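Structure at a glance
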Amino acid sequence: MSAAAILSYSTSFALVALSLGLLLTVVQIVRGPALPDRVLGLDMLVAIAIGLIAVLAIKSGFTLYIDIAIALSLVGFLATVAFARFILARGLSSERNNRAAAVPPGAQKKARRGKPARRKQKGAR
C-alpha cells in the first residue's frame, strides 16, 4: 500500500469520526440539562470544527485552511472565557438567592430574640 493511499484512508476515517463526534456533540448541546453542559458542548463543537478544517487542509493540500483553524480557535477560546464569566456571575447571584431561601423565616426571628450583644465603649469601665 502506498503512502498516498494510507493518507487518503486515514483522512476519510478522520472525517467520518469527526462528523460522528459533531453529531453527538449537537445532541448533547440540545439535551444538556444545565447551562454549563451546553457551554462545554459548544466548546467541544469548536474543537471538532477545528479538527474538520485541519483534516480538510491535509486532504486538499490548501494551507490557508490552517490559518482559518487558528483564527477559529482564538475566537472559540474567547467565547469560552466569556461564557465562563457569565456562568460565574449568574451562579454567584443564584447562590445568594438560594442561601436566603434556605433560611426559614422563623429562624431569623429566633436569632434576634436573644439578648443583644453589649459593646464596650471606649472609656467605659
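Please read these numbers as outputs of a predicted model, since none were measured by experiment. (Residues numbered from 1 in each chain as written. Predicted model: local features only at pLDDT ≥ 70, side-chain atom pairs only at ≥ 80, totals over all residues. Heavy atoms only, no water.)

Here we come to the overall build of the protein chain. Scanning the protein chain for helices and strands turns up four helices and zero strands. N-terminal to C-terminal, the α/β element order of the protein chain is α-α-α-α. For the protein chain, with 125 residues in total, the buried portion stands at 11%. Taking all contacts inside the protein chain whose residues are at least 6 apart in sequence as the whole, residues at least 24 apart take part in 54%. Taken as a whole, the protein chain presents about 10,300 Å² of accessible surface, with 67% of it coming from carbon and sulfur. (Helix = DSSP H or I, 4+ residues; strand = E, 2+ residues; numbered from the N terminus. Buried < 20%, exposed > 50% of the residue type's maximum accessible area, 1.4 Å probe, protein only. Contact = heavy atoms within 4.5 Å. Areas by Shrake-Rupley, 256 points an atom, 1.4 Å probe, with all protein chains shown as cover.)

Residues of the protein chain with pLDDT of at least 70 account for 75%, and the chain-wide mean is 85. When pLDDT is averaged over each helix and strand of the protein chain, the minimum, 56, is found for helix 4 (residues 105-113) and the maximum, 95, for helix 1 (residues 3-31). (pLDDT = per-residue confidence, 0-100.)

Mapped onto the secondary structure, Thr25 falls in helix 1. The exposure class assigned to Thr25 is buried, which follows from its relative accessible area of 9%. The residues touching Thr25, leaving out its near neighbours within four places in the chain, are Gly41, Met44, Leu45 and Ile48.

Now for the packing of aromatic side chains. Scanning all chains against the criterion turns up one aromatic pair. Between the aromatic rings of Phe62 and Tyr65, the centroid separation amounts to 5.5 Å while the plane-to-plane angle is 80 degrees, which identifies the pairing as edge-to-face. The exposure class assigned to Phe62 is partly exposed, which follows from its relative accessible area of 46%. The exposure class of Tyr65 is partly exposed, given its relative accessible area of 32%. (Phe/Tyr/Trp six-rings, centres within 6.5 Å; stacked < 30°, edge-to-face > 60°.)

Next up on the list: the packing of helix 1 against helix 2 (residues 35-60). Packing of helix 1 against helix 2 leaves a shortest axis separation of 9 Å and a crossing angle of 160 degrees. Taken as axis vectors, helix 1 and helix 2 run roughly antiparallel relative to one another. The hand of the helix 1/helix 2 crossing is left-handed. Of the residues belonging to the contact of helix 1 with helix 2, the class tally is 16 nonpolar, nine polar and four charged. (Axes fitted to C-alpha atoms, helices over the stretch in contact; angles between N-to-C directions. Parallel < 35°, antiparallel > 145°, perpendicular 65-115°, else oblique. Left-handed = near helix turned anticlockwise from the far one by under 90°. Nonpolar A, V, L, I, M, F, W, Y, C, P; charged D, E, K, R; others polar.)

Moving on to helix 2. Compared with the 38 Å implied by 1.5 Å per residue over 26 residues, the 37 Å span of helix 2 between its first and last C-alpha is a close match. Along helix 2, the positions that sit buried rather than exposed are Val39, Gly41, Ile48, Leu52, Ile53, Val55 and Ala57. Looking one or two residues past helix 2, Gly61 carries a phi angle of roughly 80 degrees, positive in sign. (Expected span 1.5 Å × (residues − 1).)

Before going further, it helps to examine a nonpolar patch on the surface. Together, Leu56, Phe62, Leu64, Tyr65 and Ile68 make up an exposed nonpolar region whose accessible area comes to about 440 Å². With three residues, helix 3 (residues 64-102) is the single largest residue contributor to the nonpolar patch. Along the polypeptide, Leu64 turns up in helix 3. (Patch = residues over 30% accessible without salt bridge, like charges linked within 9 Å, V, L, I, M, F, W, Y side chains within 5 Å. Salt bridge = Lys/Arg side-chain N within 4 Å of Asp/Glu carboxyl O.)

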